[in-house]
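Residue strings, one per chain:
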Amino acid sequence: MDQYLTETAEANGGYLMRHQLIDLGLSDAQIRSGMQSKVLRRIRHGTYAMAHEWTAMTATERHCVLVRSVLDKLGDRVVASHHSASALYGHDLFGVDLDTVHVTRIDGGTSRREAGIAFHHGAVVPTRDIREIDGRLVVEPMRAVFETCSHVSIESGMVLATSALRSEQITVEELIEARSQFAHWMGTRKARIAIRLADARLESVGEVRSLHMMWRHRLPHPELQHQICDVRGQIIARTDFAWLDHRHTGEFDGLMKYGRLNPYNQDPGQAIEDEKIREDRVRDESYGMTRWVWASLAPSQQAKTAAMIRLGMERSKRLYLRNRTVIPLT
């Protein structure tokens, strides 16, 4: 029976409806027993998932399952919008409410909230604003980015917009051009700031949040993904952030280097050793370096982290630029 349940859930996009469980021969009592034995997990009223699959999903993957179940239930009366649409496009999400599915009505109905669904009312032009993903209606990527950025914090908007740019689903020029189209929306100012600060060169959520911290605490805007070469012109490092006027670099150390995504899963310490060697080579070229981790980006720690970076910048400037002579070319 578990095989049939799993196959049905996969065909649906990760979920099972009560009537499907009934059709597969389960009674309501057996459904309750399945939840008690942790075979099934109720994710919405009348909607279930295989418990082991649900547990293994990321928060965004779970939201995608919720979105698919809502779209399949409501049909062509609505279109997935806001960060629910972005989730289906694969954009990075941070600091958004993943318990609520956002849809925009195309049946002329009014805005409202009910049972974990936010219904929005807005002018949607099918030929321009709607795409299909696996047969489900979704607003186009540009609109999804603007909708989300206008509703969430600047930091969350930066994460989303950067991810959309990095995926090449939209371009900076298109985002700038679209500002006039959405100028009348509430929250447009926040959206414009988030989009202006977004940059496709930022490779992770942690790097985006780091740049937001620098902007919020008035650190100079850094060079991104700066390459450092030795005296032979060979690239020895590519740093996340660099302040060339201070001969200083910055590195966000996330899960990829030291946590669950560490490529040296048999020898976790190897990543630390490699990074130490890399940092020493950077310092050999007369650059300082400040490192920080995910916990350093917590709201209560950001001011301290920014002060640490600023202190490192001033130290590097004293160490590496103190006796430097600049001879202008004439």
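Scroll up to find the structure.
Residues numbered from 1 in each chain as written. Predicted model: local features only at pLDDT ≥ 70, side-chain atom pairs only at ≥ 80, totals over all residues. Heavy atoms only, no water.

1. Topic: the sheet that holds strand β2 (residues 40–44)
- Judged by pairing direction, the sheet is antiparallel, and its three strands sit side by side in the order β1-β3-β2 without closing on themselves. The sheet is open, and its two edges are formed by β1 (16–17) and β2, each paired on a single side.
- Strand direction decides the pairing type here: β1 and strand β3 (residues 47–50), joined by two bridges, are antiparallel. Bridge pairing in β3 links L16 to Y48.
- Across the face of the sheet, helix α5 (residues 59–74) comes into contact with β2 and β3 while running at roughly 65° to β2. (Pairing = 2+ DSSP bridges. Helix = DSSP H or I, 4+ residues; strand = E, 2+ residues; numbered from the N terminus. Contact = heavy atoms within 4.5 Å. Axes fitted to C-alpha atoms, helices over the stretch in contact; angles between N-to-C directions.)

2. So, the sheet that holds strand β10 (residues 223–229)
- With respect to topology, four strands assemble into an open sheet ordered β10-β11-β12-β13, the strand pairing being mixed. Edge strands, defined here as strands with exactly one partner in the open sheet, are β10 and β13 (288–293). Within the sheet, the average angular offset between the axes of one strand and its neighbour, ignoring direction, is 45°.
- Strand direction decides the pairing type here: β10 and strand β11 (residues 235–243), joined by six bridges, are antiparallel. Within the sheet, the bridge partner assigned to Q227 lies in β11 and is R238.
- Packed onto the sheet, helix α12 (residues 205–216) meets β10, β11, β12 (248–253) and β13 and runs at close to 45° relative to β11.
- Taken strand by strand, helix α15 (residues 302–321) contacts β11, β12 and β13, and its axis lies near 165° from that of β13.

3. Re unusual backbone geometry
- We note that K38 has phi near 60°; this positive angle belongs to a residue other than glycine.
- By relative accessible area, which is 68% here, K38 ends up exposed.
- With phi around 55°, H82 is a residue other than glycine that occupies positive phi space.
- Tracing the backbone shows H82 in helix α6 (residues 82–89). (Buried < 20%, exposed > 50% of the residue type's maximum accessible area, 1.4 Å probe, protein only.)

4. Concerning the nonpolar core
- Ranked by internal contacts, the top residues of the largest apolar core, which has 36 residues, are L175, M214 and F241.
- Counting only elements with at least two residues in this core, the list comes to α8 (141–149), α9 (154–166), α10 (172–178), α11 (188–197), α12, β11 and α15.
- Residue contributions to this core peak at six residues, all from α9.
- Apart from the residues within four sequence positions on either side, F241 is in contact with L202, E207, S210, L211, M214, P222, E223, L224, T249, G250 and W292.
- Counting 35 residues, the second largest nonpolar core, distinct from the first, contains C64, V70, L93 and I117. (Core = buried A, V, L, I, M, F, W, Y, C linked by side-chain atoms within 4.5 Å.)

5. Topic: the side chain of H83
- Position of H83 among the secondary structure elements: in helix α6.
- Every residue in contact with H83, bar those within four places of it in the chain, is listed here: H63, L93, V96, D97, L98, T100, H102 and T148.

6. Observations concerning the packing of aromatic side chains
- For the structure shown, the criterion picks out three aromatic pairs.
- With a centroid separation of 5.8 Å and 25° between ring planes, the pair formed by F241 and W292 is classed as stacked. On the criterion of sequence distance, the pair formed by F241 in strand β11 and W292 in strand β13 is long-range, its members being 51 residues apart. Grouping residues by exposure puts F241 and W292 together as buried.
- Chaining the aromatic ring pairs together yields one cluster made of F94, F252 and W294.
- The cationic tip of R112 hangs over the ring face of F119; the distance from NZ or CZ to the ring centre is 4.3 Å.
- Just above the ring of Y287 sits the side chain of R247; from NZ or CZ to the centre is 4.0 Å. (Phe/Tyr/Trp six-rings, centres within 6.5 Å; stacked < 30°, edge-to-face > 60°. Lys NZ or Arg CZ within 6 Å of the ring centre and 35° of its normal.)

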